Amino acid sequence: MALYSEKVMDHFRNPRNVGVIEDADGIGEVGNARCGDIMKMYLKIEDDIIKDVKFETFGCASAIASSSMATELIKGKPVREAMSLTNKAVAEALDGLPAYKMHCSVLAEEAIQSALEDYEKRRGKGE
Ligand code: FES
């Protein structure tokens, strides 16, 4: 059996939503101390909807595929739905990850959570 699913390979080779949002409403950056991989998420939010999301990932193939899939899963969704995105859902959407690569999908969940927290913080200040 192949180590990685077709979907993982597709999102690794052609990652969706790579880049930076200059005027982002929320930015989250997380890392994994063990492997040293880093993931940064940018959110553009309007009327409580994730209008746009971009990411930069300096990491392994699974981390890149996980960030790409995670952005696809939250794009156009209400903030509340994005908040409840789990790494398990990301891994499932990728048709699975090897057990020792599950932490890569955790990074995607954490990066989105962190960007949403930043958004909430900024909003709290602005109002
Ligand atoms: Fe660390 Fe994949 S090996 S995020």
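This structure is a prediction, so every number in the text was calculated from the model and none was measured.

Caption draft 1: Expanded view of the environment of Glu22. Structurally, Glu22 can be placed in the loop between helix 1 (6–13) and strand 1 (26–31). Placed 22 residues apart in sequence, Glu22 and Lys44 show a C-alpha to C-alpha distance of 9.5 Å.

Caption draft 2: Focus on the pairing of strand 1. The alternating pattern of strand 1 places Gly26, Gly28 and Val30 on a buried face, while none of Ile27, Glu29 and Gly31, on the opposite face, is buried. When strand 1 meets strand 2 (residues 38–46), the two strands line up antiparallel, connected through six bridges. By the bridge assignment, Ile27 is partnered in strand 2 with Tyr42. The hairpin turn running from strand 1 into strand 2, its antiparallel successor, is six residues long, and Gly36 in that turn takes a positive phi close to 80°.

Caption draft 3: Spatial organisation of the sheet that holds strand 3 (residues 49–58). Strand order across the open sheet formed by three strands is 1-2-3, with antiparallel pairing between neighbours. Of all strands in the sheet, those with a lone pairing partner are strand 1 and strand 3, marking the two edges. Ignoring strand direction, the axes of neighbouring strands in this sheet form an average angle of 15°. Bridge analysis of strand 2 against strand 3 gives nine bridges, and the strand direction is antiparallel. Bridge assignment links Met39 to a residue of strand 3, and that residue is Thr57. Here helix 2 (residues 61–74) sits on the sheet in contact with strand 2 and strand 3, set at roughly 175° to strand 3.

Caption draft 4: Representation of the pattern of salt bridges. According to the stated counting rule, one finds 10 salt bridges in the structure shown. When the shortest N-O distance is used, the salt bridge between Glu92 and Lys88 registers 3.7 Å. Linking Glu92 with Lys88, this pair stays in helix 4 (residues 87–93), spanning four residues, or about one helical turn. Taking the relative accessible area as the measure of exposure, Glu92 reaches 52% and is therefore exposed. In this structure Lys88 comes out as exposed when scored by relative accessible area, which is 53%.

Each value, and the rule that gives it
The residue numbers shown here count from 1 along each chain, following its written sequence. Under the rules for a predicted model, residues below a pLDDT of 70 receive no local features and side-chain atom pairs below 80 are neither given nor counted, while totals for whole chains, interfaces and linings still include all residues. Side-chain measures here rest on the full set of heavy atoms in the structure, leaving out hydrogens and waters. Each helix corresponds to a stretch of at least 4 residues labelled H or I by DSSP, and each strand to a stretch of at least 2 residues labelled E; elements are numbered beginning at the N terminus. Three exposure classes are used, based on accessible area relative to the maximum for each residue type with a 1.4 Å probe and protein chains only: buried under 20%, partly exposed in between, and exposed over 50%. Note on pairing: DSSP must find at least two bridges between two strands before they are called paired. The convention used is that axes are lines fitted to C-alpha atoms, helices contributing only their stretch in contact, and that angles between N-to-C directions extend from 0 to 180 degrees. A contact between two residues is defined here by any heavy atoms of the two lying within 4.5 Å. Note on definitions: salt bridges are taken to be side-chain nitrogens of Lys or Arg within 4 Å of carboxyl oxygens of Asp or Glu.

Keep in mind these values describe shape, not function.
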